[in-house]
Amino acid sequence: MNGNSVNREIWLEGNQVTVGQFQIDFKKTRLYNIHVAPDQPDHEIRLEPLTMELLCYLVKRRGDYVSQKELLDHVWDGRVVSDNAIRRVVKKLRDALGDDVKSPTYIKTVPSKGYLLIAEVSVAPVTQGNSTDHNPDLAQASGYEYIHKTQKDRLKPLYYMLLISFCCVAGYVYYYALPGEAQVKQVKAVTTMSGEEGWADYHQATDMVIYSHRKEASGFFGLYIKSLSTNVTKRLSAGDANYYSAKFSKSGKKIALQRQKGSHAELVILTLNDTMDVSQEEVIYRYDTLQPNLSWSPDDSALYFSLKKAPDYPNTIFKIDIDSKRLTQITYPDFNPHGDYFSALSPDGLHLGVLRYSNYQRTHLIILELASGKVQSNTVLDFIPSNIVWDESNAGIFLANKSDIQFFDTVKNELTSHLKTPFGLSSIYSTCGDHCLLVGSEDSNTRDIAEVKNPFLQDNIYNLFEYSLSGKEGHPDYLADSNKIVFRYELNNIPQIVTYSTDGKMEALTEFSEHHNISHLAYHHANQSILGILDHQLFILDINSKQIRYITTQLENIQNPSWSNDGRAIYFSRKEGNQFWLIRHTVSSGKSEQLVPNALSAREGTFDQYLYYHQADGQLIKAPLSTPQQGELITNFKPASNTSWHLTKQYVYYTASDGYRFDLIRTDLNSKETERTLLLKHAFYAKFQLHPSEEKLLLLQRAAPSSDLYNVYF
């Protein structure tokens, strides 16, 4: 890229550049926070190459506004990209710097002028006495004794003050921590690759880690193996497939994993040779649904995994014998469609730990004694862990709850807080020796709300917004003013319902003090109210008064609510007996009536004379409002919790997946002709809202992945 050579000039002359509280290492694309101790995870921040190029150009042009045209010429090297692409990279840089777009201290944005770097910048020659060594291997080798040297002598007193404060706090925690709670002794980075790592496992005898990794949100999860003793890393996978849940056999010579290709999944066993290369591959089972979860039996003769045998069947734990390929059902959950999503065998093979998700946002930790088939314990958790890890002595189970590692003692049947980590946890993957856990860090910004052009329209659309926030967003919808949206957003780790405008103004509509499961938000302009589901209860939230009114109880199994056109009624699906019924609820009277069986969702047509409802078998039916039982087939598409459908005067738009690829489809309501086009690649979620103009769609997109693996010693 020609423009990049201009950006690099001052760094290649051997200068040390500091922007605000961050030192820049251009070659390693790293920022180092000089206000954070080197042994803390927030000290080192990785940037993608393009994000670093943007920062370097802003530093070069410090004091001047930089237009988007200049960025295209000098950072993107003249390539044609959308304004959204530039805004996305600016957002990534702001997130890395911890900058607030509404009250910036680093990057100021002024419409029609561009971007201005407003933080203090220092460029100093690097000499033998003031260079900074950020070698991660050196930092790991010396543990907490690694000392970070800043080239600014005036910052040394501040650093020592921070170090003293840190020691005081550490001393307080050490002496006054809760009884029985362990302390973090050391944190070592296992991976430092650009991108996202997960689904890891450690084998102590060979000192190797196996894990899944992808560099970009649109990429596949490849399979990687790393020797911690030699620091040699190899990629074991190839081709367009995702690799999950890799687990070492007891000998370390074999790896079991789940491989996903399109909408199909496989259980695969790889055999390794002495040079960490794959010498043999065996596919032992093929299936259509994938819940990343896999564990070996202690004698390496069988695998345990979670399987969903049918769309309306709960996740269930099965055992498969590797030689005979015989499948045996182990658990029998009755929570549909959730069930048992994770299991792990104790090291001695005597007990099976199971995570069972029920309604009401509850997870049950079940300990099953395999020989007798008896449930040893059933504990309801107030959080939803992604997996469980047995300790090496068979005494209990580790679970991750944000930055807290909890331990369930299987003898006492007691769950206690075991360890506080200095960063958020995505998961605990395995033990890594005595008093050591292999964990994954959590990227706080996993999804962004964005507008995309309706791919069926030929005209260019220039006013596409990205609602760039660092945090967790979900279930967006347009308000009456289409420049404002409503969505679920985590404020101070507690989900709230908020509105947000394109000029950056946010307003919280709720004041929750504890975690709630908020979903299916839908706004209606006539009554200025928001419909949604909160902890499995249907509710209406008045925007003006900010009052919540509950329509159903928490004991009801409901889904997919929608407004009638006039806002006087609500449609939703409720399970009664063994089937779902479409319900119409009149808001003013509070009365509900059953309409048709086996219907999962419904929308009123734009002309107020027809009702369209989607059945469990995939049929979309058009029927008169007065007689919804008498309808005609419009089209057929598979129901899924991560897709949605919407009506316009002429079309029904809906999303459909092939594995992790999602297409946008539209069917003409009169001719029933269907068109199909790509919407998202390598995605997990494709719910959307149509803009009133039908020109664009509002949806969630995965943010650029950024997470690492760590060994936590305690």
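The coordinates are above.
Computed from a predicted model, the values in this text were never measured in an experiment.

J.: Sorry if this is basic, but what is going on with the sheet that holds strand 38 (residues 529-534) here?
T.: Each strand in a sheet pairs with its neighbour through backbone hydrogen bonds, running either in the same direction (parallel) or in the opposite one (antiparallel). Taking strand neighbours across the sheet as the criterion, the four strands line up as 37-38-39-40 in an open arrangement whose pairing is antiparallel. Each edge of the sheet is formed by a strand with only one pairing partner; in this case those strands are strand 37 (518-524) and strand 40 (548-550). Averaged over all neighbouring strand pairs, the angle between strand axes comes to 25°, with direction disregarded. Where strand 38 and strand 39 (residues 537-542) come together, six bridges link them in antiparallel fashion. By the bridge assignment, Leu534 is partnered in strand 39 with Gln537.

J.: What is the right way to read the pairing of strand 28 (residues 414-420) from this model?
T.: Regular strands place side chains that alternate from one sheet face to the opposite one. Pairing of strand 27 (residues 404-409) with strand 28, which is carried by six bridges, proceeds in the antiparallel orientation. Looking at strand 28, one finds that Phe408 is bridged to Leu415. Linkage of strand 27 to strand 28, two consecutive antiparallel strands, is achieved through a turn of four residues, within which Asn413 is found at a positive phi near 55°.

J.: Help me understand the nonpolar core, please; the structure alone is not making it clear to me.
T.: The nonpolar side chains of a soluble globular protein tend to be buried, and buried together. Membership of the largest hydrophobic core comes to 30 residues, with the highest contact counts inside it found for Leu31 and Leu71. At the level of secondary structure, the elements contributing two or more residues to this core comprise strand 1 (15-19), strand 2 (22-25), helix 3 (49-60), helix 5 (83-97) and strand 6 (114-117). No other element matches the seven residues that helix 3 contributes to this core. Aside from chain neighbours lying at most four places away, what touches Leu31 is Phe22, Gln23, Ile24, His43, Glu44, Ile45, Leu47, Met52, Leu55, Ala96 and Leu97. Formed by 16 residues, the second largest nonpolar core is a distinct cluster that contains Val389, Ala400, Ile428 and Tyr710.

J.: How should the pattern of salt bridges be read in this particular structure?
T.: Under the counting rule described, the total for this entry stands at 25 salt bridges. Between Arg46 and Asp708 there is a salt bridge, and its shortest N-O distance comes to 3.4 Å. Here Arg46 is found in strand 4 (residues 44-46), whereas its partner Asp708 is found in the loop between strand 54 (696-702) and strand 55 (709-713), with 662 residues between them in sequence. A residue is classified by how much of its surface remains accessible, and Arg46, at 16% relative accessible area, is buried. The class of Asp708 is buried, set by a relative accessible area of 9%. Each of Arg259, Glu266, Glu281 and Arg286 takes part in one network of salt bridges that share partners.

Criteria and thresholds
- Each residue is numbered by its place in its chain's sequence as written, counting from 1.
- Since the coordinates come from a predicted model, pLDDT governs what is reported: local features require at least 70, and pairs of side-chain atoms require 80 or more to be given and counted, while whole-chain, interface and lining totals use all residues.
- Neither water nor hydrogens contribute to the side-chain values; these are computed over all heavy atoms in the structure.
- Here, any two strands with at least 2 DSSP bridges between them count as paired.
- Elements are defined by DSSP. Helices are runs of H or I of four residues or more, strands are runs of E of two residues or more, and each kind is numbered from the N terminus.
- Angles here are taken between N-to-C directions and fall from 0 to 180 degrees, while the axes themselves are lines fitted to C-alpha atoms, restricted in helices to the stretch in contact.
- Note on terminology: a nonpolar core comprises buried Ala, Val, Leu, Ile, Met, Phe, Trp, Tyr and Cys residues joined through side-chain atoms within 4.5 Å.
- Each residue's exposure class comes from its accessible area (1.4 Å probe, protein chains only) as a fraction of the maximum for that residue type: buried when under 20%, exposed when over 50%, partly exposed otherwise.
- Contacts: residue pairs with any heavy atoms within 4.5 Å of one another.
- A carboxyl oxygen of Asp or Glu within 4 Å of a side-chain nitrogen of Lys or Arg is what we treat as a salt bridge.

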